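Below are the chains, spelled out letter by letter.
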Amino acid sequence: MIESIIIVGLMTSMIYALLALGFTLIYGVSGVVNLAHGTFFMIGAYMFYLITGGVFHLDPRLGLIAAPVVVGIMGAVTYRIIIHPVIRDEVSTLVATVCLAIATQQLVLLGTKGLFMVPVEPIVPGYTTFWGLALTYSSILAFAISAALYIFLWIFISKVKVGKAMRAASQDLEATMLMGVNTTRVYILTMALSTALAAVAGISISSAYLGVAYPYMWFHPLALSFAIVILGGLGSIKGTLVGGFIVGYAETAVKTLYPTSASIVTVVPMVIIVLVLVLRPKGLFGKRIELEE
Amino acid sequence: MVTTYLRRAYSSFLAHVVDIPPRLLAFILILLWASVPVFKPDGYTLTILVSTNIWAIFVASWDLLVGFTGQMSLGHALFYGIGGYSTALLFKYFQLPVWITIPLSVVVVFSFAIILSYPALRVKGPYLAMTTMAFALIASSVLYIFPEITGADSGVRKLPLLFPLKLFRREGISALESVYQQTLAYYYFTFISLVITLLILYKVTHSKTGIVLVSVLDDELASKASGINVDKFKVMAFALSALFAGYAGCLQVHFVSFADPGLFALTFSFLPVIVTILGGIGTIYGPVIGVFVYQILNEIFFRKVIKIPLEIYQAKLLIFIAVILILVIKWPRGIGRFITDKLKDLEEARDIDERGPRIWKTYKKKGKKIGVIARVRARLKK
């Protein structure tokens, strides 16, 4: 019981942190609350299914690389066409992204002719036993990839020039423009990165844990990333990691202790959101969260 | 030449049609809507119209919260569901009659909203949107956690109707006809509820309170600095909006005679967001017009009049959302709002023109009736 919570919690938490990192990146840089973030998670899983099983029957390891790239390009195009024209108005952004999410869900339902689930292959077949637990190679690989990507992004944002431009745009937009940075291009790049991260998380979760992909799988990841971001504070990479671990462990614990009731698991991120807002309305780490003055 | 003609037609449109006083226009619309049963719609259409009336109350309450105080709510179905479930449970456990459970459950929703506004109003914008969504989802999960009380998926069934069928059973009337008359009674009841709701909301938003609410939306800090208790007004708007949403939920539950978790559905929370884009935000009547357009297009026109094939009908939500997406990119404040704003601009432009000698004189010479607003404005500007 306890070792299952520790190991599985560690593995899912890392993926959740990666998912929320994408969400907090696009919010921090361009101020867009992307309610379609979970949609890209779902599209990632479906793209992986298309590449490996549905249409092309390619190697799953190739799908793992190709699907996030495709989703990243889709995210960039979506941003340019749908989100960028309404970026100044907060309510319109929310409406546009919600509409995008529902439209994609319907599109997937139509595209799969009303199939409610499609099977997703594991990235690498087989499993090993560790500490009395059967762990699939896929889940270990997913954990490793998430951790590696997280560290890569950390370095990318703090050291590389483009990443510095992203941070600058989040701090002061006008000054960044005056320094000669094409902010629209920075936004598009951020969106591509953010959606690609969501896609990686989607592939990891669906192929290593669920084994299926379904059109309604966009809401839970969205709620998760919101809970993590509220916990950890906006735009903070460290906070997102800690928040991801708290939410991931909480969910795994509930899932392990109450294995029969699926509806309780979906409430976990919601309860965390409400608890944080009631008990510590500034988030765990202070002032980064946007609240009333 | 064509453009001249068009322009002339347009200015005559402005002079004659737009200048109908809004009160008269509203009165005409209400009269038209009240006289719908005169056209003898079939039972299906009438049922759709009843639920449209109920949904109109719901979206109007949403607009009070979002359009006037700017507190984005993506979980408004919460109040709808709480209203519906509380009246259902009050009947199930205390066997109270409908006319007592509905006011009681409205009170329940009101107090719930005041309690919930404590955590919800600490946050703004997207956080509030997500928090309200979280509330709605938690509520719908609570139903599954206590299945013996709420009945989980099957919900609470066999609730009493507002107008029981035996009221309409008379000699010489077929069963079908009496059901139709029952629906007709529902239609008028929901319609009167809708009109009263709209009147109350309109009065609230066009009074001093409404001005305060808009000032909170525009600049919270400045309104605070002017000595306004911002929190009080926010809680008031939240609770008032919840009250009407809960009332709509009660009506719905006693119309279909059951309450199930579908009342809390996420798609239902998104409905006001979608129809507001059709009607225009921050107007109260905008979303109401939007929901009528949506329902009439969706359920009556496409299904009964054109009879589009089923494959396309299945894609209707997708098509609808795609259209909304294009609209929100093009006109972020809604089509209705776009048109009225444009007309206002034109009227102002015309006022400026009128002050110039030429057009003012032509209008005067021809003895054309100029709208009350335009006349008052012209007088003020002199």
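Residues numbered from 1 in each chain as written. Chains lettered and ligands numbered in written order. Predicted model: local features only at pLDDT ≥ 70, side-chain atom pairs only at ≥ 80, totals over all residues.

## Concerning the overall build of chain A
Part 1: Looking only at helices and strands, chain A features 11 helices and four strands.
Part 2: What you see for chain A is a C-alpha radius of gyration of 19 Å, in line with the 19 Å of a compact globule of 293 residues.
Part 3: Each principal axis of the C-alpha atoms in chain A carries an extent, and together these give about 55 × 45 × 35 Å.
Part 4: For chain A, the residues scored as buried account for 49% of the 293 residues in total.
Part 5: Sequence-distant contacts, at least 24 apart, represent 74% of the contacts inside chain A between residues at least 6 apart. (Helix = DSSP H or I, 4+ residues; strand = E, 2+ residues; numbered from the N terminus. Rg over C-alpha atoms; globule rule 2.2 N^0.38 Å. Buried ≥ 20, exposed ≤ 12 C-beta atoms within 10 Å, placed from the backbone. Contact = placed C-beta atoms within 7 Å.)

## Structural notes on the overall build of chain B
Part 1: Helices and strands together make up the secondary structure of chain B, namely 18 helices and zero strands.
Part 2: Looking at chain B as a whole, 38% of its 382 residues are labelled buried.
Part 3: For chain B, the share of sequence-separated contacts (at least 6 apart) that also reach a separation of at least 24 residues comes to 77%.

## Structural notes on helix H9 (residues 219–232) of chain A
Residues and elements named next belong to chain A.
Part 1: Compared with the 20 Å implied by 1.5 Å per residue over 14 residues, the 20 Å span of H9 between its first and last C-alpha is a close match.
Part 2: Within H9, 12 of the 14 residues are buried, leaving the element largely enclosed by the surrounding structure.
Part 3: Positive backbone phi, at 95°, marks glycine 233, one or two positions downstream of H9. (Expected span 1.5 Å × (residues − 1).)

## Regarding the interface of chain A and chain B
Part 1: Every contact between the two is made by 35 residues of chain A and, on the other side, 31 residues of chain B.
Part 2: Take the side of chain A that touches chain B: its biggest share by element is 14 residues, from helix H4 (residues 90–111) of chain A.
Part 3: Broken down by class, the residue content of the side of chain A that touches chain B amounts to 27 nonpolar, four polar and four charged. (Nonpolar A, V, L, I, M, F, W, Y, C, P; charged D, E, K, R; others polar.)

## So, the pairing of strand S2 (residues 127–130) of chain A
All names here are of chain A.
Part 1: In this structure, S2 lies alongside strand S3 (residues 133–136), joined through four bridges in antiparallel fashion. Within the sheet, the bridge partner assigned to threonine 129 lies in S3 and is alanine 134.
Part 2: Connecting S2 to the antiparallel partner S3 that follows it, the hairpin turn spans two residues, and tryptophan 131 within it adopts a positive phi of roughly 55°. (Pairing = 2+ DSSP bridges.)

## Points about the nonpolar core
Part 1: One finds A:Leu18, A:Leu19, A:Cys99, A:Ala199, A:Ala227, A:Ile273 and B:Val59 to be the most contacted residues of the largest nonpolar core, which totals 183 residues.
Part 2: Tallying contributions element by element places helix H1 (residues 2–30) of chain A first for this core, with 15 residues.
Part 3: If near-sequence neighbours (up to four positions away) are discounted, A:Ile273 is found in contact with A:Phe226, A:Ala227, A:Ile230, B:Met130, B:Thr131 and B:Ala134. (Core = buried A, V, L, I, M, F, W, Y, C linked by C-beta atoms within 7 Å.)

## Describing H4(A)
Think of an α-helix as 3.6 residues a turn; residues three or four steps apart then line up on the same face.
All names here are of chain A.
Part 1: Counted at 1.5 Å a residue, the expected span for H4 with its 22 residues is 32 Å, and the 31 Å between its end C-alpha atoms agrees.
Part 2: Of all the 22 residues making up H4, 17 are buried; the element is thus mostly covered by neighbouring parts of the structure.
Part 3: Positive phi shows up at lysine 113, right after H4, with a value of about 55°.

## Observations regarding the confidence of the model for chain B
Residues and elements named next belong to chain B.
Part 1: Averaged over all residues, the pLDDT of chain B is 79; the fraction at 70 or higher stands at 83%.
Part 2: Between residues 356–369, whose pLDDT stays under 50, and residues either more than four places distant or in other chains, the model counts eight contacts.
Part 3: Both scores are given for the predicted complex: the pTM is 0.79, the ipTM 0.73. (pLDDT = per-residue confidence, 0-100.)

## Quick look at the packing of helix H5 (residues 137–159) of chain A against helix H6 (residues 161–171) of chain A
Residue and element names in this part refer to chain A.
Part 1: One can describe the packing of H5 onto H6 by two numbers: an axis separation of 5 Å at closest approach and a directional angle of 75°. As the angle between them shows, H5 and H6 are arranged roughly perpendicular. Seen from H5, the contacting residues are Phe156, Ile157, Ser158 and Lys159; seen from H6, they are Gly163, Met166 and Arg167.
Part 2: For the contact of H5 with H6, the residue count by class is three nonpolar, two polar and two charged. (Axes fitted to C-alpha atoms, helices over the stretch in contact; angles between N-to-C directions. Parallel < 35°, antiparallel > 145°, perpendicular 65-115°, else oblique.)

## Some details on the environment of A:Met217
Residue and element names in this part refer to chain A.
Part 1: Its location among the elements puts methionine 217 in the loop between strand S4 (212–213) and H9.
Part 2: Looking at methionine 217, the number of C-beta atoms within 10 Å reads 22, which means it is buried.
Part 3: Each residue touching methionine 217, except ones within four places of it in the same chain, is listed here: Met42 and Ala45.

## Things to note about unusual backbone geometry
All names here are of chain B.
Part 1: Positive phi values are uncommon outside glycine, yet glutamine 95 reaches one of about 55°.
Part 2: Within the secondary structure, glutamine 95 sits in the loop between helix H4 (77–94) and helix H5 (98–120).
Part 3: Positioned with a positive phi, serine 257 is a non-glycine residue whose angle comes to about 65°.
Part 4: The topology assignment puts serine 257 in the loop between helix H11 (230–256) and helix H12 (266–279).

## Re the confidence of the model for chain A
Residues and elements named next belong to chain A.
Part 1: Scored by pLDDT, chain A has a mean of 83; 94% of the residues are at 70 or more.
Part 2: In the model of chain A, helix H11 (residues 262–279) stands out as the element of lowest mean pLDDT, 78, in contrast to helix H8 (residues 183–210), which has the highest, 90.
Part 3: This stretch, residues 287–293, has a pLDDT under 50; its non-local contacts, to residues over four places away or in other chains, come to 19 contacts.

## Overview of the environment of B:Tyr180
Part 1: Tracing the backbone through its elements, the reader meets B:Tyr180 in helix H8 (residues 175–205).
Part 2: You can call B:Tyr180 buried: it has 20 C-beta atoms within 10 Å.

## What about the packing of H1(A) against helix H10 (residues 237–257) of chain A?
Residues and elements named next belong to chain A.
Part 1: Contact geometry for H1 and H10: axes closest at 7 Å, N-to-C directions at 135°. It follows from the interaxial angle that H1 and H10 lie oblique. For the pair H1 and H10, the sense of crossing is right-handed. For the pair H1 and H10, contact is made by Ser4, Ile5, Val8, Gly9, Thr12, Ser13, Tyr16, Ala17, Ala20, Leu21 and Thr24 and by Ile237, Thr240, Leu241, Gly243, Gly244, Phe245, Val247, Gly248, Tyr249, Thr252, Ala253 and Thr256, respectively.
Part 2: Grouping the constituent residues of the contact of H1 with H10 by class yields 12 nonpolar, 11 polar and no charged. (Left-handed = near helix turned anticlockwise from the far one by under 90°.)

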